[in-house]
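# Coordinates in review
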Amino acid sequence: MITKIRVTATVIAILILILCPIVVNAKLTPKEGVTIYEYPTDNDFIKIYAKNLTKAEVVELFKSIGLPVKSVEVSKEDEYTIFTIHTSIGEKVSPFKRRIDGKILAELSKLGDVYIYIDKGCTVKGDIQLVESDYFQDLYKVKGYSDITYELEKSLLIELEAIFVIIPTLSFFLSRYYAKKVLSSSLSKEEKLYKIRKLAIFIPIPIALILAYLMLFLNFVTIYDMIIGYFFKYNETLFVIGFLGAWIIIYIVSMIFVMIGYLPYYKALKREEIETKKATKYNVLVVLMLILPTVIWVILVLNLPKTLKSNTEFIVLIFAIFMLVLMSVSPNVFSLFHRAESLKTPLRDEIIEFCKKNGVRVSDVKVLKGLPEKVANAGVSGILHKYVFLTEYLIDKFSKEEIMAVIAHEIGHLKEKHNLISGIYSITFFVVWIYASKFVDLSSLNPYEFMALWLAIVLVFILMLGRIMVYLEFRADKYAVKVVGKDLYIRALSKLAEANVMKRKTGKLYNIFTLHPSIEERIRKLSEENSFS
């Protein structure tokens, strides 16, 4: 359980890092003369192609027309000198409207034809001509030098509101319809719960994809830039985190509606009272716990100096250190979000002594108090300071010997360094991605091509990770048998399936995504002679 949460957080961190270069660094084709890249976030820059112009003359020109010069970069292309001037040219009129002064355009026209990029999804007014479009911006050629204004199309705001309403509502009704259909079927209780659990595991994938594509298709970047840019000064970290936050909020709301949709039928099958409010709070906290490392990682990367951002070896080193720190503090974060408390019974000392006898020193044994339903489970976490986590239902339902059998499995994970193996896999995958991306110009891909590539990488990562983790579960089973014996351990596995109303035989894809093999397969392998040679 603990391993699954840590690994999921790692997946999100890697995926967000992959996404960041596309969000932050957009490449556009410059035109000869003067090209204005106007952003509502006041992170504008102007490119000037010139043959006989110096940097000092450019700075003086901008000073004379009243444009602030934040920085000037100079490069060469054929016979042209290219000046990239970071400035702020557009004026805020309202959260949905901006203006560009015609007098400034007239002054810039002395250097050649003036072109301007404006975010898609805007109504543009002024003496300009549309030249070409890409997925995020339209390129205009300035014909006259009157003021240019552009404002959000009202339909975009309506469509944005529709995303917030339709996706969660649709998620709710589809979830409820499916769960109701499952409940009314003639399947066994375990089979019904298995189908609903599959819904909870696999439904996030299409929801995530639908949201991502809708946000691209409906020009959410434009809406976000206009509204946020009106109220805040540009800050790269703020804007990337904020953009991701908008996606996360819609996603969380959708997932809560999915849960609320199937929860009444899930409760009926488990025959226990699960409070909707408590279940909602728990799911939100779990998602936040998974997002926290991602947010920290993105902030860290975005605030590195430019020289270090481009240093691949340094980024890899920082990621490796980040992973080690994440695994070290995971018990504290897990305890906080699950309201874990130290076990107060004599069983605590017996578990600590049992772990010590098997070569593992644990700092404490904690009971999870924040779970919304009865779950029999256990886990271990930590590198420097190791902790054992138990659920209340496991303590109540299992005998002391059966609890020790379950813990023996978790000790196997620690003894064989499975936490470290999963961490090394994540770092290795990250390194391969970083170096492979050097041979592919990601910024040349359109958003839909990038999303397809991103999805393929995610699936490869999850499938490979799932196969590794399933194998490691078998290894931990083998260790547990050595410690407590085959009969006791198989009895504990069977009781876990019974207590949690689990289907004993589950699909391979389900096993990969849950990072655990089925109970039936685990017992079969344990029963076979020389299964773990």
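One numbering rule holds for all chains: residues counted from 1, following each sequence as written. For a predicted model such as this one, the threshold for reporting local features is a pLDDT of at least 70, and the threshold for listing and counting side-chain atom pairs is 80 or more; totals across whole chains, interfaces and linings nevertheless cover every residue. Side-chain figures throughout are based on the complete set of non-hydrogen atoms in the structure, without hydrogens or water.

Residues are called lining when one of their atoms sits within 4 Å of a cavity or pocket point, these points coming from a 1 Å grid over the protein atoms alone, where a cavity is a set in which a 1.4 Å probe fits but cannot get out and a pocket is an open set with protein on both sides within 12 Å along at least five of seven lines. Grid points are joined across faces, edges and corners, and a volume is the space filled by probe spheres set on the points. Counted under the stated rule, the structure contains one cavity of 30 Å³ or more. Taken as a whole, the largest cavity spans an internal volume of roughly 30 Å³. Around the largest cavity sit Pro40, Lys92, Ser94, Pro95, Lys97, Arg98, Asp225, Met226, Gly229 and Tyr230, which together line it. Numbered from the N terminus, helices here are DSSP runs of H or I no shorter than four residues, and strands are runs of E no shorter than two. Secondary structure elements with two or more residues in the lining of the largest cavity: strand 5 (91-94), strand 6 (97-100) and helix 7 (220-231). Element by element, the count of residues in the lining of the largest cavity is highest for helix 7, at four residues. Here the nonpolar group is Ala, Val, Leu, Ile, Met, Phe, Trp, Tyr, Cys and Pro; Asp, Glu, Lys and Arg are the charged ones; every other residue, Gly included, is treated as polar. Residues belonging to the lining of the largest cavity are distributed by class as follows: four nonpolar, two polar and four charged.

Take the pattern of salt bridges next. A side-chain nitrogen of Lys or Arg and a carboxyl oxygen of Asp or Glu constitute a salt bridge if their distance falls within 4 Å. By the definition in use, this model includes 18 salt bridges. With a closest N to O distance of 3.3 Å, Arg491 and Glu402 form a salt bridge. With Arg491 in helix 17 (residues 486-499) and Glu402 in helix 14 (residues 400-415), this pair connects stretches of sequence that are 89 residues apart. Classification of Arg491 by relative accessible area gives partly exposed; the value is 42%. The partner of Glu402 in a salt bridge is Lys495, and the shortest N-O contact between them spans 2.9 Å. With Glu402 in helix 14 and Lys495 in helix 17, this pair connects stretches of sequence that are 93 residues apart. Partly exposed residues are those whose accessible area sits between 20% and 50% of the maximum for their type, while under 20% is buried and over 50% is exposed, using a 1.4 Å probe and protein chains only.

Let us now look at the side chain of His413. Mapped onto the secondary structure, His413 falls in helix 14. Any two residues having at least one pair of non-hydrogen atoms within 4.5 Å are treated as being in contact. His413 has contacts with His418, Asn419, Leu472, Glu473 and Ala476, leaving out every residue within four places of it along the chain.

Note: two strands are recorded as paired if DSSP finds a minimum of 2 bridges between them. Pairing between strand 5 and strand 6: three bridges, direction antiparallel. Bridge pairing in strand 6 places Glu91 opposite Arg99.

To continue, consider unusual backbone geometry. We note that Lys417 has phi near 60°; this positive angle belongs to a residue other than glycine. Considering the arrangement of structural elements, one finds Lys417 in the loop between helix 14 and helix 15 (418-436). Exposure remark for Lys417: the relative accessible area of 48% places this residue in the partly exposed category. Even without being glycine, Leu515 reaches a positive phi, approximately 65°. With respect to the secondary-structure elements, Leu515 resides in the loop between helix 18 (508-514) and helix 19 (519-527). Relative accessible area serves as the criterion here: at 6%, Leu515 is assigned to the buried category.

A few words now on helix 19. Listed as buried for helix 19 are Ile519, Arg522, Ile523 and Leu526. Considered in projection along helix 19, the buried side chains sweep an arc of 95° and stay on one side of the axis. Our arc is simply the arc of the directions from the helix axis toward the C-beta atoms.

So, on to the environment of Lys386. Tracing the backbone shows Lys386 in the loop between strand 14 (378-381) and strand 15 (387-391). Taking the C-alpha atoms as reference, Lys386 lies 8.5 Å from Val360; in sequence the two are 26 residues apart. Setting aside residues no more than four positions away along its own chain, Lys386 makes contact with Val360, Arg361, Val362, Ser363, Asp364, Ser381 and Leu414.

The next point concerns the environment of Ile203. With respect to the secondary-structure elements, Ile203 resides in the loop between helix 5 (189-202) and helix 6 (204-217). A relative accessible area of 22% means that Ile203 is categorised as partly exposed. With 32 residues separating them in the primary sequence, Ile203 and Ser171 have C-alpha atoms 8.8 Å apart. The residues contacting Ile203, other than those within four sequence positions of it, are Lys198, Met255 and Val258.

Turning our eyes to something else, we now look at the sheet that holds strand 9 (residues 128-133). Read across the sheet, seven strands follow the order 3-4-2-1-7-10-9 without closing on themselves; strand pairing throughout is mixed. Each having just a single partner strand, strand 3 (71-77) and strand 9 make up the two edges of the open sheet. With strand direction ignored, the average angle separating the axes of adjacent strands in the sheet is 20°. Sheet analysis places strand 2 (residues 44-50) next to strand 4 (residues 80-87), joined by seven bridges and oriented antiparallel. Bridging from a neighbouring strand, Phe45 pairs with His86 of strand 4. Its contacts with the sheet put helix 2 (residues 55-64) on strand 2, strand 3 and strand 4, and the angle it makes with strand 4 is roughly 40°. For every element, the axis is a line fit to its C-alpha atoms; helices are fit only across the contacting stretch, and the angle between N-to-C directions ranges from 0 to 180 degrees.

A few words on the sheet that holds strand 13 (residues 364-368). With mixed pairing, the four strands of this open sheet are ordered in space as 12-13-15-14. Taken across any chain shown, the strands that pair with only one partner, and hence form the sheet edges, are strand 12 (340-342) and strand 14. The sheet shows a mean angle of 30° between the axes of neighbouring strands, taken without regard to direction. Judged from the three bridges that link them, strand 12 and strand 13 form a sheet pairing that is antiparallel. Counted as the bridge partner of Ala340 is Leu368 from strand 13.

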